[in-house]
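Structural description and commentary
Here are the chains, one letter per residue:
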Amino acid sequence: MRPFGYLVPPDPAAAIAAVTGRPGATFLAGGTNLVDLMKLGVATPDLLVDVTGLLPHRIEPVPGGGLRIGAGVRNSDLAADQRVPGSGCPARAGDHRNLAILGGSPHCVATHPSDMAVALAALDAVVHVEGPAGSRALPLGELYRLPGDRPDRETTLERGDLITAVELPAPGFAARSAYRKVRDRASYAFGVALVAAALDVDSGVVRDARIALGAVAPRPWRARTAERMLAGRPATAEWFGRAADAELADAAPLPDNAFKITLVRNIVVRMLCELARGELAGAAS
Amino acid sequence: MTARVDGPDKVTGRARYAVEHPADGAAYVWAVPSVIARGTIRSVDASRALALPGVLAVITPDNAPRLPGTGDPELALFQTRAVAYRGQFAAAVVAGTLEAAREAAGRVVIEYEQAAHDVTLTASHPGLYKPDFVNPRYETDTAVGDFDGAFAAAAVRVDATYRTPAEHNHPMEPHATVAVWHAGTLTVYDATQGPSRAAGQIAAVFGLEPGQVRVIAEHVGGGFGAKGMPRANVILAAMAARVTGRPVKFAVTRPQMFAVTGHRAPSIQRVRLGAGPDGRLTAVCHDVIDQTSTLKEFTEQSAVATRHMYAAPHRRTTHRVVRLDVPTPSWMRAPGECPGMFALESAMDELAAACGIDPVELRLRNEPAVHPETGQPFSSRHLAACLREGAARFGWAGRDPAPGVRREGRWLAGTGVAASTYPARAMPSQARVTVSPSGRYQVSIAAADIGTGARTALLAVAAEALGVPAAAIDLRIGDSALPPAMIAGGSMGTASWTWAVIKACGALRDQVRARDGAVPPGGLTAYADTAADIGALPAHARYAFGAQFAEVQVDADTGEVRVPRLLGVFAAGRIVSPAQARSQLIGGMTMGQSMALHEESAMDPQFGDYPNHDLAGYHIAAHADVQDIDAVWIDEKEPELGPAGAKGIGEVGIVGTAAAIAGAVCHATRIRVRDLPIRLDKLLRQSHDPDDSAVHPAAGRDRQIRL
């Protein structure tokens, strides 16, 4: 038996203090990852600080048309909320060929497997954090870090930092967005490649594009090179392909995962073509 | 349609599986697996484990009881310091709670003398040799006529190499045991497919008389062959119970199952087919390369089905095996036929394309009148009827053979067909039937219901044979104290058990009739043994057959494969229990779909381990992957194999599915995947390769598709 403590603090400040002051302490929220890791002996906390009752459970509109999603909101409730672009999409269902082709380091070529974070990356989500040093908000892109020489650290969060909410900016053209999860079987599998995309087209010309990739890098990968290239270009398969190629130019695949370059390129081009034709607005598959 | 008689017990949780049996004062075992693939155990330091509260013993090669029977090295636990594969049990902890045992297991410090290991099968491995026989006792090689000459002279030739990966059985219930010693006798509640055989083998290991070991397996949560013989779990539980003097419970963890409970070895199979322009085979050759462990020789009989499937005057089959530093392979659903028919039936599909002949028609043209190697008559062979019936039901007629030309939206579509086969056999079994004056019957046989519906089928057969309602019968199975019986394996359970049960029921009816229906106060008992009946079977070729049809969709951009439709038509003798039979056949086909698209135990050559060793990493088809699936059968009664006329259906359903799906993928995409599983990365990768046709002379088709 490996005993551990279990604490239900009265408020977020107490929770943050409990974790900050104890190296073996960790927050327990949904527990879907933590409990599995504890069963396998990978995570061995000596204190679980249960924050499930402390986190905001509401989805609230914010000035300017965005939404603030409390960190206590369940994924199933979020998926059922028609206000959230892409509601009901598989982004919310939770060997070497699976390794990263982008952003890896000599220390780490694992991929970030999340669906949700990829969609949030495309939507320019902002993460609200409370911690020992007070409150702060950071873009999702600054939450996840690349491994570099510290592959043990996946995020920029410090000890005691507690995510309290995720804010989505006003939908804007992201209402015309789509999410695509490619996987080896039809359900209950991590993605082999994930793409969240949104496109704003005017008279056949791309005004703005958002593309985020998943399962290809140690963090959700915002394809900013491709996005920049597409701005002001014709909304054609040719240009979508060029943009994807530009984004993937720096990919450093291993022998067993080189197929992901073809795979990502194919999905990006098809999704953008379908979005450009208006076929995919709000859809996910 | 008969409902499963133990269904209510199972869905309400009343049905007890092995480790759920209560045992007063039970202790718990946690095994310590080796972390090297080859070498020796230098020392075991158990002090930190023994220091934990509740820990009763740490069993190691230093202190383990000596086992008199070490004929099966997989069961000779802790009898040597040698390590034969990574994950082999090196030590074990016994404690008063499962949690304490697990925690203590992590504190056992084992030092190893590590040796270089070899875990990689290659077609040119210098250690390949010709085994004396292949599983279970088939000839290693066979040859008829002049294959080389006939193949060289053939108008159309297919020469292709197919690969299947290591696969693991993974029954839902892990291997698990409760072991209790009492006055020198051992009782085990064990997850086994065969209580009788297990009792004998366990007794041999501990140097006991067969009657001193009782194996009880009331309900078993699947086996697929992995529970056909005793595994390390039952020996370890019994050893721990003897060491501690307490009843002991032990369940193997899912990751440990990858090492110690058997699996299907990977295979490399070269198939060569020579035919005339009309598709009639003149030459057939199937060469199999397989691996086994250094502990035990197990050579999967993958070329055996090729010996009886199709007519051809010139033919050859061979098996070669190499001993590697890997876990010992064993029986997994349709050992031999399952991987072998993926290769043969894929090659037949390639031959059909090369000849421009419909693949159903190609198989019909090559139907043999007698066993093509031995000349023995078939007791019943209805493959042609299955192919025709399946083609009609599936809507095969008018199929455009051109590959890669059907597209609906993002999906490329294709269809495929393959034949199935599995030997129809029975093994000696015994049964006892009693009747009381009040008219209650008791039917006893040491059969096992591993989730197949055996209990339901046997009850129906007994009721029919006795001419009484099933409600008047108490059926007792799953206990080695009952009359000994064949294991639930090799698709032999139903034929073997029903033979003994029907025979005993007939004998009892004779007794009752002789007394003009009067049952004496002490009741009447009849006993049957089928050993002599089975020994007198004629030397005929007896097989079940089937035809499987698959429709697939392949995403043109991602290579994702979906299977909207699977149909199997089988000729498997009399179907004793239709509802349960359909489940069995569909289950086999589902497992075949898994084999085609998902299953692979990937070997890490550096550590000699399967890194995807849980059900998150080892994919099987999920519910959403199985769409319109159906299994039907044609009317057939096996004339020779016992009074039920049954052939067995546990395995024929998995045979051929993978080839049908691979053929359908090729029909959809032009890409022939010859190494399972067919995953999207292989389709994406191959789409950029030049033509790799196995057909000679090369067909020169454009294999580029928009993937």
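Quick caveat: nothing in here was measured; it's all calculated off a predicted structure.

1. Overview of the overall build of chain B
Across its full length, chain B holds 16 helices and 25 strands. Relative to the compact-globule value of 27 Å for 707 residues, chain B shows a C-alpha radius of gyration of 26 Å, a close match. With the C-alpha coordinates of chain B rotated into their principal frame, the extents come out at 75 × 75 × 50 Å. Burial analysis of chain B (707 residues in total) assigns 59% to the buried set.

2. Examining the overall build of chain A
On a plain count of helices and strands, chain A comes out with eight helices and twelve strands. Against the 2.2 N^0.38 benchmark of 19 Å for 285 residues, chain A shows a C-alpha radius of gyration of 20 Å, consistent with a compact globule. In terms of overall dimensions, chain A has a C-alpha envelope of 60 × 45 × 35 Å along the principal axes. In chain A, buried positions account for 41% of the 285 residues.

3. A look at the interface of chain B and chain A
Across the contact, 21 residues belong to chain B and 18 residues belong to chain A. Among the secondary structure elements, those contributing two or more residues to the side of chain B that touches chain A are helix 3 (98–105) and helix 16 (680–686) of chain B. A per-element tally of the side of chain B that touches chain A places helix 16 of chain B first, with four residues. Counted by class, the side of chain B that touches chain A contains eight nonpolar, four polar and nine charged residues.

4. Digging into the nonpolar core
All names here are of chain B. In terms of nonpolar packing, the biggest core is built from 299 residues, with Val29, Val93 and Val501 touching the most fellow members. Considering every element that reaches this core, the biggest residue donor is helix 8 (residues 337–355), with twelve residues. Other than its neighbours up to four places away in sequence, Val501 contacts Ala431, Val443, Ile445, Leu458, Val461, Ala462 and Ala465.

5. Comments concerning the sheet that holds strand 3 (residues 47–50) of chain A
All names here are of chain A. Read across the sheet, three strands follow the order 1-3-2 without closing on themselves; strand pairing throughout is parallel. Taken across any chain shown, the strands that pair with only one partner, and hence form the sheet edges, are strand 1 (5–7) and strand 2 (25–28). Along the sheet, successive strands turn relative to each other by an average axial angle of 25°, direction set aside. Pairing between strand 2 and strand 3: four bridges, direction parallel.

6. Comments concerning the packing of helix 7 (residues 237–248) of chain A against helix 8 (residues 259–276) of chain A
Residues and elements named next belong to chain A. Their axes nearest at 9 Å, the elements helix 7 and helix 8 cross at an angle of 145°. In the packing of helix 7 onto helix 8, the handedness of the crossing is right-handed. Touching Ala237, Phe240, Gly241, Ala244, Asp245 and Leu248 of helix 7 are Ile261, Val264, Arg265, Val268, Val269, Leu272 and Cys273, all from helix 8. Taken together, the residues of the contact of helix 7 with helix 8 sort by class into ten nonpolar, one polar and two charged.

7. So, the domain arrangement of chain A
The domain boundaries assigned to chain A delineate domain 1 (5–50), domain 2 (59–94 + 116–168) and domain 3 (173–276). Relative placement of domain 1 of chain A and domain 3 of chain A: their C-alpha centres are 36 Å apart.

8. A few points about the environment of Ala178 of chain A
The residue Ala178 of chain A is located in strand 9 (residues 177–182) in this model. Considering only alpha carbons, one finds Ala178 of chain A and Arg150 of chain A, 28 residues apart in sequence, at a separation of 33 Å.

9. Notes on the domain arrangement of chain B
All names here are of chain B. Taken domain by domain, chain B consists of domain 1 (7–36 + 38–116 + 170–260), domain 2 (142–166 + 264–424 + 542–696) and domain 3 (430–518). Computed over C-alpha atoms, the centres of domain 1 and domain 3 are 33 Å apart. The interface of domain 1 with domain 3 comprises 21 residues on the first partner and 14 residues on the second. Within the residue set of the side of domain 1 that touches domain 3, elements represented by two or more residues are helix 5 (195–206) and strand 11 (213–216). Ranked by residue count, the leading element in the side of domain 1 that touches domain 3 is helix 5, at five residues.

10. Looking at the environment of Glu218 of chain B
Residue and element names in this part refer to chain B. Topologically, Glu218 is positioned in the loop between strand 11 and helix 6 (232–244). Judged by the 21 C-beta atoms lying within 10 Å of it, Glu218 falls in the buried class. Spatially, the C-alpha atoms of Glu218 and Ile477 are 7.0 Å apart, while their sequence positions differ by 259 residues. Excluding its chain neighbours within four sequence positions, the residues that come into contact with Glu218 are Arg16 and Gly478.

11. Observations concerning helix 11 (residues 454–466) of chain B
Residue and element names in this part refer to chain B. Relative to the 18 Å expected for 13 residues at 1.5 Å per residue, helix 11 spans 18 Å between its end C-alpha atoms, a close match to the ideal helical length. Extensive coverage of helix 11 is indicated by the burial of eleven of its 13 residues. Looking at helix 11, one finds that the buried residues are Ala454, Arg455, Thr456, Ala457, Leu458, Leu459, Ala460, Val461, Ala462, Ala465 and Leu466.

12. Focus on the packing of helix 14 (residues 578–597) of chain B against helix 15 (residues 657–669) of chain B
Residues and elements named next belong to chain B. Orientation of helix 14 relative to helix 15, taken along the N-to-C sense of each, is 50°, at an axis distance of 8 Å. Comparing the axis directions of helix 14 and helix 15 gives the class oblique. Judged by the twist between their axes, the crossing of helix 14 over helix 15 is right-handed. Residues Met589, Gly592, Gln593, Met595, Ala596 and Leu597 of helix 14 lie in contact with helix 15, whose contacting residues are Thr657, Ala658, Ile661 and Ala662.

13. A few points about the sheet that holds strand 11 (residues 205–214) of chain A
Residues and elements named next belong to chain A. Sheet architecture is open: four strands sit in the order 9-10-11-12, paired in antiparallel fashion. Edge positions in the sheet fall to strand 9 and strand 12 (221–222), since each of these pairs with one other strand and no more. When strand 11 meets strand 12, the two strands line up antiparallel, connected through two bridges. What sits directly across from Ala212, in strand 12, is Arg222. In the packing of helix 8 onto the sheet, the strands contacted are strand 9, strand 10 (193–202) and strand 11, and the crossing angle to strand 10 comes to about 35°.

14. Things to note about the pairing of strand 5 (residues 89–95) of chain B
Residue and element names in this part refer to chain B. Among the seven residues of strand 5, seven are classified as buried, and the element is accordingly described as predominantly covered. Bridge count for strand 1 (residues 27–33) against strand 5 is six bridges, and the pairing is antiparallel. Bridge pairing in strand 5 places Val29 opposite Val94. As paired strands, strand 3 (residues 55–59) and strand 5 are joined by four bridges and run antiparallel to one another. Within the sheet, the bridge partner assigned to Val58 lies in strand 5 and is Val93.

15. Digging into unusual backbone geometry
Residues and elements named next belong to chain B. The omega torsion across Asn135 and Pro136 is -10°, close enough to zero to call that bond cis. Residue position: Pro136 is located in the loop between strand 6 (109–114) and strand 7 (142–144). A cis amide bond, omega -5°, links Leu676 with the succeeding residue Pro677. Phi at His170 is positive, roughly 50°, even though this residue is not glycine. Along the chain, the position of His170 falls in the loop between strand 8 (156–164) and strand 9 (176–182). Assessed through the 23 C-beta atoms surrounding it within 10 Å, His170 is described here as buried.

16. Let's talk about helix 5 of chain B
All names here are of chain B. Over its twelve residues, helix 5 extends 16 Å from the first C-alpha to the last, a length consistent with the 16 Å expected when each residue adds 1.5 Å. Counting buried residues in helix 5 gives nine out of twelve residues, a clear majority hidden from the surface. Of the residues making up helix 5, those classed as buried are Pro195, Ser196, Arg197, Ala198, Ala199, Gln201, Ile202, Ala203 and Val205.

17. Describing the confidence of the model for chain A
Close inspection of predicted coordinates is inappropriate in any region flagged by low pLDDT. For chain A, the average pLDDT comes to 88, and 91% of its residues sit at 70 or higher. The secondary structure element of chain A with the lowest average pLDDT is helix 3 (residues 75–80) of chain A, at 78, and the one with the highest is helix 6 (residues 224–230) of chain A, at 98.

18. Regarding the pairing of strand 3 of chain A
Note that strand 1 of chain A and strand 3 of chain A share three bridges and pair parallel. For Gly5 of chain A, the partnering residue across the bridge sits in strand 3 of chain A and is Leu47 of chain A.

19. A few points about the environment of Arg185 of chain A
Here Arg185 of chain A shows up in the loop between strand 9 and strand 10. Considered as a pair, Arg185 of chain A and Ile101 of chain A are 84 residues apart in the sequence and their alpha carbons are 22 Å apart. Ignoring sequence-local partners within four residues, the contact set of Arg185 of chain A consists of His598, His619, Ala621, Ala622 and Asp625 of chain B.

20. Some thoughts on the confidence of the model for chain B
All names here are of chain B. Per-residue confidence for chain B gives a mean pLDDT of 95, with 97% of residues at or over 70. Note on residues 688–707: pLDDT is under 50 here. Beyond four places in sequence and across chains, it has 32 contacts. The ipTM assigned to the predicted complex is 0.91, against a pTM of 0.95.

About the criteria used
- Residues numbered from 1 in each chain as written.
- Chains lettered and ligands numbered in written order.
- Predicted model: local features only at pLDDT ≥ 70, side-chain atom pairs only at ≥ 80, totals over all residues.
- Helix = DSSP H or I, 4+ residues; strand = E, 2+ residues; numbered from the N terminus.
- Rg over C-alpha atoms; globule rule 2.2 N^0.38 Å.
- Buried ≥ 20, exposed ≤ 12 C-beta atoms within 10 Å, placed from the backbone.
- Contact = placed C-beta atoms within 7 Å.
- Nonpolar A, V, L, I, M, F, W, Y, C, P; charged D, E, K, R; others polar.
- Core = buried A, V, L, I, M, F, W, Y, C linked by C-beta atoms within 7 Å.
- Pairing = 2+ DSSP bridges.
- Axes fitted to C-alpha atoms, helices over the stretch in contact; angles between N-to-C directions.
- Left-handed = near helix turned anticlockwise from the far one by under 90°.
- Domains from an automatic or database assignment.
- Expected span 1.5 Å × (residues − 1).
- Parallel < 35°, antiparallel > 145°, perpendicular 65-115°, else oblique.
- pLDDT = per-residue confidence, 0-100.

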